[in-house]
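Breakdown of the fold
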Amino acid sequence: MGEHEARGWIRSDETAKQMLSRVLGDRAFLLLPPLHRVPLRAGNVVEITGSSPTAKTQILIQAAITCILPKTWNGVHYGGLEKLVLFLDLDCRFDVLRLSDMLKHRLLEAYQSNVKTQDKSKIVYDEELYVSCMKRFLYLRCYDSLELLSTLKTLHYRIRLQEACGSQVGVLMIDSIGAFHWTDRLSSSLALDKNNRKSLSLTNVVETIVQEMKKLMQVHSLVVIATKATIYEEKYPTNENNRNISSHSDLFGNPSSKAQQPPFREFMPSSWQAFVTHKIFIRKSDDHHKSLGQQNLSAYLLEWLQPQLSSIDRFIVDDSGIVIVSKHTQILFHVSSSHAVWYCHCLMT
Amino acid sequence: MAPLKHLEMENSIIDECFRDFCASHGILTVEDFLLHDLYELAAFAEREANADRLKEGITVMLSLIELQCRPWLNGMELLEDLQRNKHTLSSGDNGMNSLLQGGYGEGQLTELVGPSSSGKTQFCMRAAASVAEKQEGSVFYIDTGNSFSARRIAQFICGGSDAAALRKRVLSRISCHTVYDIYTMFDTLQGLEVALRSQVQMNVNEYRLRLLVVDSISSTITPILGGSGSQGRALMVALGYMLKKLAHEHNIAVLVTNHTVGAGESGKTKPALGETWKSIPHVRLMLSRDNRNSNCTISILKHTSMFLCVFVFFIAFWPNSEDHNSLGQSTMSITNFLWSSAGFT
């Protein structure tokens, strides 16, 4: 190797500043409410766990709306990302009316806050904008794992077709990743034991799903958000048995084990668990939220497990979507003389 | 899924040597093909003598898989499908209709949960009568506990001048099938699916199937659930998906009933069939009957688009045999009630 070539090899391609600006431009941070506590980047995989029903699909719909809205339109600021959303419905329970109503609410809200002088009752949302937003929401349902695998294998070409029309994909949403868990487990127990042949078992299916998604994420910059419904009943007593002085006892759980163990029994194979970069847990709150009017809405608690945040959001679901009602923060005190860890909860509104 | 040699007839590229190459990597059926990394396979194909032909074969396989996939629908197309094909069916009871904002949705799986003699079968029969009479549709009624009664359905039908002829027509649109175990249930539903698909192809539009009732689904599933094995729950999930598929593709409203079990130390009752079943129905309704004054209370446990956990009282007067004209006079009062969540989730 000549000296000239050696020098060329040592010389840098770009400075750190240039690299950062390139990477941040390509894969910018996204803030998707109600998951806005942690900024997400393309390549992140978020898993939302909760028993049924805990408004997980509502969170997906709300995040989808932020993604499909444009940043500005006709002078009104909507603050969206103007990207496509791919929604893989494995639960097969999606209600498009709910998406449509929430989108209309958002459009009206943004329009109303912008134009203050006009008579509020006469404001109608922009039909053209509504249609263009709804067209950015792409939906597919799968009734078993084989259909899911076929979809993932052919997804790359379909995204290419869509991108040829000009729009980019922002988020891939999977509603209930654990939907086929039991049927796949049954297939594992019935698997043929021939050598060299991969059987349709739970680990193989999930491994292939993870592999295909990794390949997709290498080529397209997207965020994956998956919900997961717990299939085992909650073993950790949250309310009855651990009632303490404070009325916010549902936040305690089992103090010593809270930090180490997840509050639900994990059933997805390790290949999926390693693939997930962010984890959220949602559970029902004990006390109900008394809203204006006569009705009591049930409240839910949203907790970030990975990265572990010290605050827990409390939210309700109403017509316009998810409304965060209050935020709880945990402050830990260590008592030096004993091994007890005292938790102190402050309500911050 | 099909073994690869069945594909040779239509796709000549999937010939003997392609199949041998695949077999050397453990791929014998289309299913196995889905589980393998295709780029890796293409890389292995590079080393073979007829590399181009093999890679062409892989591309043809991939396009065959893509043909089987469903197309992606956008939001507007979904809305259009909903408005055009999926209407709400009146449940036959005014109270239930106002709670559900119209009735049972086509394309949705509605579950009625309640302890015994809380009125679940009555609601099922009421719905069947209403659909057959007023909504010009046929009903497929699967009865697992011998509780179907044609006489009772006849009572729900409002008479007119030609009551007998009307009754005969309406009752002929309801087909009742007795099923006592889960395998017969799968058999019946698969037969129904085949019949519906052939009907679609022949464009027979006479009284299309609009309501499918399974009373009760829990009595077929509970005997196979239990223990730590996955067989029972897998069958339950498979049955749930079959019902949802039938509902969505053929625009049918599916109504199932479930019983309740005690919830351990708290003493309250909760729906049977466990945690996994919770994710299957679209709408879950809890029924309870006040024996002193035959009031039926319905509350929503889960609904895809309603979030107020309002405790709604319905006072439904069940018609007795003489008085078949006063069908379901019900009043609704939304009271400021704290919804007790323990045992209901």
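Residues numbered from 1 in each chain as written. Chains lettered and ligands numbered in written order. Predicted model: local features only at pLDDT ≥ 70, side-chain atom pairs only at ≥ 80, totals over all residues. Heavy atoms only, no water.

1. Things to note about the environment of Ser63(B)
Residues and elements named next belong to chain B. Its place among the elements puts Ser63 in helix H4 (residues 51–68). You can call Ser63 partly exposed: its relative accessible area is 37%. Residues Ser63 and Ala238 lie 175 residues apart in sequence; the distance between their C-alpha atoms is 28 Å. (Helix = DSSP H or I, 4+ residues; strand = E, 2+ residues; numbered from the N terminus. Buried < 20%, exposed > 50% of the residue type's maximum accessible area, 1.4 Å probe, protein only.)

2. Remarks on the interface of chain A and chain B
Contacts between the two partners involve 67 residues from chain A and, on the opposite side, 64 residues from chain B. Of the roughly 6300 Å² buried between chain A and chain B, counting both surfaces, carbon and sulfur atoms make up 62%. Of all residues in chain A, Arg93(A), Tyr143(A) and Trp182(A) give up the largest surface area on contact with chain B, accounting jointly for 12% of the area buried on that side. Connecting chain A to chain B are three salt bridges. Among the secondary structure elements, those contributing two or more residues to the side of chain A that touches chain B are strand E6 (84–89), helix H4 (96–114), helix H5 (127–135), strand E7 (137–141), helix H6 (145–164), helix H7 (181–189), helix H8 (202–219) and strand E12 (296–297) of chain A. (Contact = heavy atoms within 4.5 Å. Buried area = accessible area lost by both parts, 1.4 Å probe. Salt bridge = Lys/Arg side-chain N within 4 Å of Asp/Glu carboxyl O.)

3. Brief notes about the nonpolar core
The biggest cluster of nonpolar side chains holds 95 residues, and the ones touching the most others in it are Leu88(A), Trp272(A), Leu189(B), Leu212(B), Ile217(B) and Leu243(B). Of the residues that make up this core, three or more belong to each of domain 1 (4–67) and domain 2 (84–339) of chain B. Discounting chain neighbours no more than four positions away, the residues touching Ile217(B) are Met185(B), Leu239(B), Leu243(B), Val256(B), Thr257(B), Leu273(B) and Trp277(B). Leu30(A), Ile59(A), Leu107(A) and Tyr300(A) belong to the second largest nonpolar core, which has 48 residues in total. (Core = buried A, V, L, I, M, F, W, Y, C linked by side-chain atoms within 4.5 Å. Domains from an automatic or database assignment.)

4. Observations regarding unusual backbone geometry
A cis amide bond links Ser52(A) with the next residue in sequence, Pro53(A), at an omega value of -5°. Relative to the elements of secondary structure, Pro53(A) occurs in the loop between strand E3 (45–50) and helix H3 (56–68). For the bond from Asp215(B) to Ser216(B), the omega torsion is -10°, close enough to zero to count as cis. In this fold, Ser216(B) is placed in the loop between strand E7 (209–215) and helix H11 (218–221). Even without glycine at this site, Asn74(A) takes up a positive phi of about 55°. Take Asn74(A): it is sitting in the loop between strand E4 (72–73) and strand E5 (76–77). Even without being glycine, Cys92(A) reaches a positive phi, approximately 60°. With respect to the secondary-structure elements, Cys92(A) resides in the loop between E6 and H4. By relative accessible area, Cys92(A) is classed as buried at 1%.

Keep in mind these values describe shape, not function.
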